[in-house]
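Residues per chain, in single letters:
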Amino acid sequence: MEAVANLPDTAITELHVLVGLTRDVFMPLLEKRREEIESYPQRTFKYGSTDRHQLDVYYPDPKAIPNGKIPVLFFVYGGGFIGGDRKFAAPYNLGYSNVGMFFAQRGIMTVIADYRLVPHVKFPQPVEDIRDAITWFIANSDTVIAASPAGASDLNKASLGKIFAMGHSAGANHITSLFLSPTIIPPGSPIRAMTGGLIPQGGPYRFSFVTLDLPPGILEAYYGSQEATLAKMPFTLLEKADQELLDSLPEVFMLWSEHEPAGLLQTNKDFQKALEERTGKRVKSEAMEGHNHFREKWGEFVAEWVKARV
């Protein structure tokens, strides 16, 4: 979209400015489709004890399900560790619902879960929330399918396929931390066995306190201290991973945009290289030309990649 491509380049510490600008570009387009988005088959479930432990399931179009197997995409939104919601207050409540509908229309059951945020929690609690949401889904998949709205009743004729975990920005940090943390999901766990791929998108995988990566204080609030940040960030988890954990990693498809903030762009390229070196496997990537940190073109890439692995 030309309007997005023409937005100004932004430092990572000023991404909140870009959020507003990008939202203002997309809102009129989504508003025209409000009825379609809000009427799409979906259900909300609670996977934990607080209001932040809820998830929305978007039911796939039965005619688009590949080979009778329903792929499941867990989409983990970002928000700089301090923000984000699966459904913002109106009129901004259509963004992630549109994401859910987009993939579901292409035969992919899509799950978007809330998780707890700074300052109410610290690492690894938000990552554990994502783990718990996936665990709940696996244990309750029959309940989820049985709750299908009328338009998705044919799902009973299909069976669930692999799970794919996708995260954008801080969400990408969460999903890579999840799969690189042997204490959160150990090798051999059901989550690892059922996961067909990771799709981290524009994530902050490495931090620096020399060139500040986020507004002051956020990383210390999330990780506990500067030292803890450097010890627990995804880059360090990857460096420390043993062979058993590396062998348990699912296939990875990395996404980033041409106009990511400079430090974030280099971090994504370096993380791809480090993954390839540590696992000995090629890591597919897609750099979207003309797009910034918040972009719309990635959906078709992801849907194609997921459905090819069912």
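Residues numbered from 1 in each chain as written. Predicted model: local features only at pLDDT ≥ 70, side-chain atom pairs only at ≥ 80, totals over all residues. Heavy atoms only, no water.

Regarding the nonpolar core
Rules: In these notes, a set of buried Ala, Val, Leu, Ile, Met, Phe, Trp, Tyr and Cys residues joined through side-chain atoms within 4.5 Å is what counts as a nonpolar core. Each residue's exposure class comes from its accessible area (1.4 Å probe, protein chains only) as a fraction of the maximum for that residue type: buried when under 20%, exposed when over 50%, partly exposed otherwise. Whether two residues are in contact is decided by their heavy atoms, any of which lying within 4.5 Å being enough.
Formed by 90 residues in total, the largest nonpolar core has its most connected members in L55, F81, M109, F137, I199 and W298. Excluding residues that lie within four positions of it along the chain, W298 makes contacts with F75, V99, F103, M166, Q201, L255 and M288.

Section: the environment of D61
Worth spelling out the cut-off: The way it works is that DSSP assigns letters per residue, a run of H or I at least four long becomes a helix, a run of E at least two long becomes a strand, and they are numbered from the N terminus. We call two N or O atoms a polar contact when they sit within 3.5 Å, provided that within protein one can donate a hydrogen and the other can accept it, with sequence-adjacent residues counted only if both atoms are side-chain atoms.
With respect to the helices and strands, the residue D61 is situated in the loop between β2 (54–58) and β3 (69–76). Its relative accessible area of 22% is what places D61 among the partly exposed residues. Here the alpha-carbon distance between D61 and A104, two residues 43 residues apart in the chain, equals 6.1 Å. Dropping the residues within four chain positions of it, D61 is found in contact with Y40, A104, Q105 and G107. Of the polar contacts made by the side chain of D61, one reaches the backbone nitrogen of K63; its length is 3.0 Å.

Comments concerning the environment of I175
Within the secondary structure, I175 sits in helix α7 (residues 170–180). When neighbours within four sequence positions are excluded, I175 is seen to be in contact with V76, A165, M166, G167, I199 and P200.

Overview of the side chain of D129
Relative to the helices and strands, D129 resides in helix α5 (residues 125–139). A relative accessible area of 1% means that D129 is categorised as buried. If we ignore the near neighbours within four places in the chain, the residues touching D129 are Y47, H53, Y115 and R116.

A word on α5
Spacing of three or four residues puts side chains on the same side of an α-helix, whose turn is 3.6 residues. Condition: The span one expects for a helix is its residue count, reduced by one, times 1.5 Å.
The end-to-end C-alpha separation of α5 is 20 Å, in line with the 21 Å expected for 15 residues at 1.5 Å each. By the burial criterion, the buried members of α5 are P126, V127, D129, I130, A133, I134, W136 and F137.

Focus: empty space enclosed by the protein
Put simply, the test is: Only protein atoms enter the calculation, which uses a 1 Å grid: trapped sets of points that fit a 1.4 Å probe without letting it out are cavities, open sets showing protein on both sides within 12 Å along at least five of seven lines are pockets, and any residue with an atom within 4 Å of a point is a lining residue. Grid points are joined across faces, edges and corners, and a volume is the space filled by probe spheres set on the points.
Overall, the coordinates contain one cavity of 30 Å³ or more when judged by the stated rule. Here the largest cavity is characterised by a volume of approximately 70 Å³. Every residue along the wall of the largest cavity is listed here: T176, F179, L180, L198, P200, L249, V252, F271 and L275. Per-element tally for the lining of the largest cavity: the top contributor is α7, with three residues.

Here we look at helix α4 (residues 95–105)
The buried fraction of α4 amounts to eight of the eleven residues, a majority that puts the element mostly inside the structure. By the burial criterion, the buried members of α4 are Y96, S97, N98, V99, G100, M101, F103 and A104. Within two residues after α4, G107 carries a phi angle of roughly 90°, on the positive side.

Quick look at the pattern of salt bridges
Quick note on the threshold: Salt bridges, as used here, are contacts in which a Lys or Arg side-chain nitrogen is within 4 Å of a carboxyl oxygen on Asp or Glu.
Taken as a whole and judged by the stated rule, the model has 13 salt bridges. Of the charged contacts in the structure, one is a salt bridge between K87 and D56, with a shortest N-O distance of 3.7 Å. Within this pair, whereas K87 is found in the loop between β3 and α4, its partner D56 is found in strand β2, the two being separated by 31 residues in sequence. When its relative accessible area of 32% is taken as the criterion, K87 is described as partly exposed. A relative accessible area of 0% places D56 in the buried class. Within the structure, one salt-bridge network assembled from shared partners comprises D56, R86, K87 and D114.

Read these as spatial facts, not as claims about activity.
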